[in-house]
Amino acid sequence: MEKREICRLSELFLGEEEEPELELTITVININPGCNRELLGKCESLRGYMAFVKKVRDKLAAKIKLEEAVRQAVDECISGNVLTDFFREHREEIVEMSVYEFNQELHDQVLLEDGRIHWLYIGRS
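Worth saying up front: this structure is predicted, and the values here are computed from it rather than measured.

**Q** With reference to specific residues and values, describe the overall build of the chain.
**A** For the chain, the count of helices and strands is five helices and two strands. Going from N to C terminus, the chain has its helices and strands arranged as β-β-α-α-α-α-α. Within the chain, the fraction of its 125 residues that count as buried is 19%. Put simply, of all contacts in the chain between residues at least 6 apart along the chain, 37% involve residues at least 24 apart.

**Q** Talk me through the packing of aromatic side chains; I want residue IDs and the actual numbers.
**A** This structure, assessed with the given rule, holds two aromatic pairs. Between Phe52 and Phe87, the aromatic rings sit 5.1 Å apart at their centres with planes inclined by 40 degrees, giving tilted as the arrangement. Of this pair, Phe52 sits in helix H2 (residues 44-61) while Phe87 is found in helix H4 (residues 84-99), placing the two residues 35 residues apart along the sequence. By relative accessible area, Phe52 is classed as buried at 10%. Centroid distance Phe86 to Phe87: 5.6 Å. Interplanar angle 75 degrees. Geometry classified as edge-to-face.

**Q** Go over the pattern of salt bridges with me, naming the residues and quoting the values.
**A** With the rule as written, the count across this model stands at seven salt bridges. Taking the shortest distance from any N to any O, the salt bridge between Lys42 and Glu38 comes out at 3.3 Å. Linking Lys42 with Glu38, this pair stays in helix H1 (residues 37-42), spanning four residues, or about one helical turn. Exposure class is identical for Lys42 and Glu38. Each is exposed. As a salt-bridge pair, Arg71 and Glu92 come within 3.5 Å of each other at their nearest N and O atoms. Of this pair, Arg71 sits in helix H3 (residues 66-79) while Glu92 sits in helix H4, and the two are 21 residues apart along the sequence. The exposure class assigned to Arg71 is partly exposed, which follows from its relative accessible area of 28%. Shared partners join several salt bridges into a network, and the residues in it are Lys55, Lys59 and Glu76.

**Q** Can you break down the side chain of Thr84 residue by residue, with the values?
**A** In this structure, Thr84 sits in helix H4. Residue contacts for Thr84: discarding those within four places in its chain leaves Cys77 and Ile78.

**Q** Describe the nonpolar core, with residues and values.
**A** Here is a general trend for soluble globular proteins: nonpolar side chains tend to be buried in one another's company. If you look at the biggest cluster of nonpolar residues, it comprises 13 residues, and the most contacted ones within it are Phe52, Val56, Val70, Val74, Phe87 and Ile94. For this core, the secondary structure elements donating two or more residues are H2, H3 and H4. Tallying contributions element by element places H3 first for this core, with six residues. Those residues in contact with Ile94 that sit more than four places away from it in its chain are Phe52, Val70, Val74, Phe86 and Phe87.

**Q** Can you explain the environment of Ala69? Please cite residues and give values.
**A** Mapped onto the secondary structure, Ala69 falls in helix H3. Measuring from C-alpha to C-alpha, the distance between Ala69 and Val95 comes to 9.2 Å, with 26 residues separating the pair along the chain. Apart from the residues within four sequence positions on either side, Ala69 is in contact with Val56, Lys59, Leu60 and Ile64.

Criteria and thresholds
- Residues numbered from 1 in each chain as written.
- Predicted model: local features only at pLDDT ≥ 70, side-chain atom pairs only at ≥ 80, totals over all residues.
- Heavy atoms only, no water.
- Helix = DSSP H or I, 4+ residues; strand = E, 2+ residues; numbered from the N terminus.
- Buried < 20%, exposed > 50% of the residue type's maximum accessible area, 1.4 Å probe, protein only.
- Contact = heavy atoms within 4.5 Å.
- Phe/Tyr/Trp six-rings, centres within 6.5 Å; stacked < 30°, edge-to-face > 60°.
- Salt bridge = Lys/Arg side-chain N within 4 Å of Asp/Glu carboxyl O.
- Core = buried A, V, L, I, M, F, W, Y, C linked by side-chain atoms within 4.5 Å.

Okay, here's the thing in structure tokens:
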């Protein structure tokens, strides 16, 4: 992913309109290691979140199950003084949320199907 990317809502739908009647444009900023250091240097929360996610990814790459990887990453963040108060206060919520891991492939499929349904509906109007 680029360091900065512009995404448009209209790109999610089948069929291209030259001038959509309503458009939403967002800027996605990549905070993975090595990207946008200036921004991460200014925001402790983003820097801490990025460190946490990297720890989880590294553990998953080492074949540690997701729930255990998240627990270990939370513990490491607390002992490493990374967003300590947040991780202490929300430890169980963070672990619980990890059980319902976000599935990008499923999310993309749902968006594509929603776009098809929308396009069929609009096409019949």
